[in-house]
Amino acid sequence: MVRAFGSGPWPNPVVRVQSGSDREDRIQGPNSAKLKFAKVLCANCNNARSQSFDLAYDAFTEHIHQNSKAIVEVGVVQFSRIYGKGWRDERRKLTRYLVKNICCRLAEDGVQIPQPVIQFMDGSVRYLQNLILEMNINMAKYEMGVHLRDAHGIGEGSLWMGDHGIIYDSQNSPLGTYSHLGFDWFNVDYQMLFGHRRGRANFFSGDTVKLERFWPQGFSTGDAVRACRDCNPS
Ligand SMILES: [Zn+2]
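Cut-offs used in this document
Residues numbered from 1 in each chain as written. Predicted model: local features only at pLDDT ≥ 70, side-chain atom pairs only at ≥ 80, totals over all residues. Helix = DSSP H or I, 4+ residues; strand = E, 2+ residues; numbered from the N terminus. Buried ≥ 20, exposed ≤ 12 C-beta atoms within 10 Å, placed from the backbone. Expected span 1.5 Å × (residues − 1). Pairing = 2+ DSSP bridges. Core = buried A, V, L, I, M, F, W, Y, C linked by C-beta atoms within 7 Å. Axes fitted to C-alpha atoms, helices over the stretch in contact; angles between N-to-C directions. Parallel < 35°, antiparallel > 145°, perpendicular 65-115°, else oblique. Contact = placed C-beta atoms within 7 Å. pLDDT = per-residue confidence, 0-100.

Caption draft 1: Region of interest: the overall build of the protein. Counting its secondary structure elements, the protein contains nine helices and eleven strands. Evaluated residue by residue, the protein yields a buried proportion of 35% over its 234 residues.

So this is what it looks like as structure tokens:
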């Protein structure tokens, strides 16, 4: 997704952007709010001791799914409302869940995972390096979800991943990767920068996360209905 690539500080010079694994953008199915990314994880990561990450993620998706309208309208999500007093620890587990999925994309495309990221995953390092993460709201997906529910009675939601881009320098060494992942309208843009760099995320600073609402390039309100195949048989 161009948006993720354009929104951060890539090291220079960027010579080549190669498109890596191209996931089906939408993974749909009954109960998919409950679906785990684990279903599409590599065996390595699936076997990692990560059940607590999965549980933190489950609680998060459940909350987002149940409070969808309010969260989108206000553009805010609050960790303590999901996790209670232990929200800092749970947020770290949720982050590890997301990072686990990001690492799987690297593994899938044969790109080496930076050591500090592995250390963050196994708990030996507390702070996340190399990664820039941003949670936000994809308004086109929100509108489509509302339409599918209200007009067609389909409320199962969906889970998806973006194309995986890999950035190379003039020596043909990878500088980083980028993509996005999410469910329903909830989106996480990410960039993995291999050069040593302190990571950051728009959900690290406190209990309350401000979620930017965005329309993907070329989309605007009303497109969901216009694009719906059931409402517009060709
Ligand atoms: Zn329709």
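Caption draft 2: Molecular detail of helix 6 (residues 87–108). With 22 residues, helix 6 extends 31 Å between its outermost C-alpha atoms, agreeing within 8% with the 32 Å of an ideal straight helix rising 1.5 Å per residue. Counted residue by residue, helix 6 has 16 buried out of 22 residues, so it is predominantly covered. Positive backbone phi, at 70 degrees, marks glycine 110, one or two positions downstream of helix 6.

Caption draft 3: Broad picture of the pairing of strand 8 (residues 186–193). The buried count for strand 8 comes to eight of eight residues, which makes it a mostly enclosed element. Side chains of strand 8 alternate between two faces, with Phe186, Val188, Tyr190 and Met192 and Asn187, Asp189, Gln191 and Leu193 buried alike. As judged from the seven bridges shared by strand 4 (residues 131–138) and strand 8, these two strands associate in the antiparallel manner. Following the sheet pairing, isoleucine 132 is matched in strand 8 by glutamine 191. Two strands pair when backbone bridges link them, and strand 7 (residues 174–183) and strand 8 are joined in this way by eight bridges, in the antiparallel orientation. Opposite serine 179, over in strand 8, you have tyrosine 190 as the bridge partner. Between strand 7 and strand 8, which follow one another and run antiparallel, lie two residues, and aspartate 184 among them has a positive phi close to 45 degrees.

Caption draft 4: Spotlight on the nonpolar core. Counting residues in hydrophobic clusters, the biggest one holds 37 residues, and the most contacted among them are Leu98, Val99, Leu131 and Tyr190. Mapped by element, the contributors of at least two residues to this core are helix 3 (51–66), helix 4 (68–74), helix 6, helix 7 (115–121), strand 4, strand 7 and strand 8. At eight residues, the largest contribution of residues to this core is made by helix 6.

Caption draft 5: Region of interest: the packing of helix 3 against helix 6. One can describe the packing of helix 3 onto helix 6 by two numbers: an axis separation of 8 Å at closest approach and a directional angle of 100 degrees. Put simply, helix 3 runs roughly perpendicular to helix 6. Across the interface between the two elements, Ser52, Phe53, Asp54, Ala56, Tyr57 and Phe60 from helix 3 touch Glu90, Lys93, Leu94, Arg96, Tyr97 and Lys100 from helix 6.

Caption draft 6: Looking closely at helix 8 (residues 139–152). With 14 residues, helix 8 extends 19 Å from end C-alpha to end C-alpha; this agrees with the ideal 20 Å at 1.5 Å per step. Turning to helix 8, its buried residues number three or more, namely Lys141, Tyr142, Glu143, Met144 and Gly145. Residues of helix 8 that are buried make contact with helix 4, strand 4 and helix 9 (223–227). With its phi angle positive at about 65 degrees, glycine 153 sits one or two positions after the end of helix 8.

Caption draft 7: The arrangement of the confidence of the model for the protein in detail. In the predicted model, the protein carries a mean pLDDT of 81, and 79% of its residues have values of at least 70. Averaged pLDDT values over the elements of the protein bottom out at 42 in helix 1 (residues 2–6) and peak at 98 in helix 5 (residues 79–83). With pLDDT under 50 throughout, residues 1–7 is counted as low confidence; its partners more than four residues away or in other chains account for 15 contacts. Counting interchain partners and residues more than four positions distant, the pLDDT-below-50 stretch residues 27–40 has 22 contacts.

Caption draft 8: Geometry of unusual backbone geometry. At asparagine 130, a residue that is not glycine, the phi angle is positive and equals roughly 70 degrees. When you line up the elements, asparagine 130 lands in the loop between helix 7 and strand 4. The exposure class assigned to asparagine 130 is buried, which follows from the 21 C-beta atoms found within 10 Å. Residue aspartate 184 is not a glycine yet carries a positive backbone phi of 45 degrees. For aspartate 184, the position within the fold is in the loop between strand 7 and strand 8.

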